[in-house]
Amino acid sequence: MTDADELRRRTEELLAAFPPTRLPPPPSHEGPAGPHLWSATERTDFLRARFDAGLAWVHFPAGLGGLDAPRSLQAVVDAELEAAGAPGNDPGRIAIGLGMAAPTILRFGTDEQKERFLRPLWTGEEVWCQLFSEPGAGSDLAALATRAVRDGDEWVVDGQKVWTSSAHLARWAILIARTDPDLPKHRGISYFICDMTDPGVEVRPLRQITGEAEFNEVFLTGVRIPDAHRLGEIGDGWRVAQTTLMNERVAIGGTRIPREGGMIGVAAADWRERPELRTHDLHQRLLTLWVEAEVARLTGERLRQQLTKGQPGPEGSGMKLAFARLAQEISGWEVEFLGEDGLAYDDWTLRRPERVDFTGRQAGYRYLRAKGNSIEGGTSEVLLNIVAERVLGLPPEPRTDKDVAWKDLPR
């Protein structure tokens, strides 16, 4: 059984092989050297070595970035490496790979798929995106129309996906497509890994209310995917996708932050720095939001503790719901508090960012970007249904299309 002391020993060995403090001797006229700046090559070499040492995801199997250790011990490794100044893998840039693709590949992938994809996914050498939502199947994801037709050892895929974060950066995508239109919509879907550099994959920017295009439309025309890149059994894609979706909601709503971290921390800092703008009503609303943000943070900690004992469940949907509501209410409070300064916005030029930065931008950006939080990662309306049915045990809404072949559904 790997314990905390063993993980510290392994971390010390890793740092001894890649000491973050190693510095070239400074020229005599420049004085003492400053902190070591890792080159891109050094950073990649370190991350590869960390993965191979089992210190990437300690709860993953040995040989796949882990040591079969309790998930809770990851914090031990992270704290040691952070204190030593070791480079990270930039999780904000590769969040889809880390939070959605990796746990799905681990659970449903073949040995060959795990060996091929997990290491470069974790090191950030290969960025991933998610080809799930479609223009005609957003909230009702199981109604998707993208087709995958078997052709020997390959599948030919045609269709359109939308709201695809990081598609302009991605090498790989997790994709669900309809493989049997004669079955009811949930049972005729299969799950694939799609190479975004293949012929027939076209990525178009989707400009948002912020002026940026972190989202994309993706058009798939005659894209050939080898059957070796299928995850799970044919027709079992909906069950595989549920693993992705549950992990996605935990990744969005259950991120570990310190007390008064994230957006509520920015709002509290505004309050302290601008006493001339304070009113009694704004004070009362800020106090309420602060308490709710702290409750959500502690609930997230409890959810992460539950994850050490199994796969994420529907509770992650509740966390994502809380995250979306709080982000919108806090950003709205901030804009109102700052008045004219809150309405300012830096640049409407079309940009294609690599990550979303809620705390490093101005209030106007946060207010606009937060509007998408109740849509991305599952709409709030769908998540309310999940919480009602799977957490509270309420009777489900009537579904007349549940046993009807997809091809016979009205569209």
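It should be noted that the structure appears before, not after, this text.
Just so we're clear, the structure is a prediction, and the values are computed from it rather than from any experiment.

On to the pairing of strand E3 (residues 154–161). Taken together, the 5 bridges between strand E2 (residues 147–151) and E3 define a ladder with antiparallel strand orientation. The residue bridging Asp 151 from the neighbouring strand is Glu 154, located in E3.

Our focus in this paragraph is helix H4 (residues 95–108). Between its first and last C-alpha, H4 extends 19 Å over 14 residues, near the 20 Å set by a 1.5 Å rise per residue. Along H4, the sharpest change in direction is near 40° and occurs at Ala 101; proline Pro 103 comes one to four residues later. A large share of H4 lies buried, amounting to 11 of its 14 residues. For H4, the set of buried residues is Ile 96, Gly 97, Leu 98, Gly 99, Met 100, Ala 101, Ala 102, Pro 103, Thr 104, Ile 105 and Phe 108.

For the structure shown, the criterion picks out 14 aromatic pairs. Centre to centre, the rings of Trp 163 and Phe 215 are 6.3 Å apart; their planes meet at 75°, and the pair counts as edge-to-face. Here Phe 215 lies in strand E7 (residues 215–226) and Trp 163 lies in the loop between E3 and strand E4 (172–178), a separation of 52 residues in the sequence. In this structure, Arg 204 is placed above the aromatic ring of Phe 219, and the distance from its NZ or CZ to the ring centre is 4.0 Å.

Among the nonpolar cores identified, the biggest contains 69 residues, and Phe 46, Trp 57, Trp 128 and Met 196 are the most heavily contacted of them. At 7 residues, the largest contribution of residues to this core is made by H4. When sequence neighbours within four positions are dropped, the list of residues in contact with Met 196 reads Cys 129, Leu 131, Ala 167, Ala 170, Arg 171, Trp 172, Ala 173, Val 201, Val 203 and Val 218. Counting residues in each nonpolar core, the second largest holds 19 residues, with Ile 264, Trp 271, Val 335 and Phe 337 among its members.

Right, let's get into helix H5 (residues 111–123). Taking 1.5 Å per residue as the helical rise, H5 with its 13 residues ought to reach 18 Å, and the 19 Å between its terminal C-alpha atoms agrees with that figure. By the largest-angle criterion, Phe 117 marks the main kink of H5, which is about 30°, and a proline, Pro 120, follows within four residues. Elements in contact with the buried residues of H5: helix H2 (40–52), H4, strand E1 (128–131), E4, strand E5 (189–195) and strand E8 (230–231). Two residues or fewer past H5, Gly 124 is found with a positive phi of approximately 85°.

How each quantity is defined
- Here, residues in each chain are numbered from 1, in the same order as that chain's written sequence.
- Local features are withheld for residues below a pLDDT of 70 in this predicted model, meaning they are given only at 70 or higher, and side-chain atom pairs are given and counted only at 80 or more; totals for whole chains, interfaces and linings count all residues.
- Only hydrogens and water are removed before side-chain values are computed, so all heavy atoms of the structure are retained for them.
- Two strands are counted as paired when DSSP detects at least two bridges linking them.
- Note on conventions: DSSP H or I runs of at least 4 residues are helices, E runs of at least 2 residues are strands, and numbering of each starts at the N terminus.
- Expected span, for any helix, means 1.5 Å times one less than how many residues it has.
- Two axes enter the bend calculation: one fitted to the seven residues ending at the residue in question, the other to the seven starting there, and the bend is the angle between them.
- Here the term buried applies to any residue with accessible area under 20% of the maximum for its type, exposed to any over 50%, and partly exposed to those in between, with areas from a 1.4 Å probe on protein chains only.
- Between the rings of Phe, Tyr and Trp (Trp by its six-membered ring), a pair exists once the centres lie within 6.5 Å; its type follows the angle of the planes, with under 30 degrees stacked, over 60 edge-to-face, and the other angles tilted.
- As a reminder, the over-ring test applies to NZ of lysine and CZ of arginine, requiring each to be within 6 Å of the ring centre and within 35 degrees of the ring normal.
- We define the nonpolar core as a collection of buried residues of types Ala, Val, Leu, Ile, Met, Phe, Trp, Tyr and Cys that are connected through side-chain atoms lying within 4.5 Å of one another.
- Every residue pair with non-hydrogen atoms within 4.5 Å of one another is taken to be in contact.

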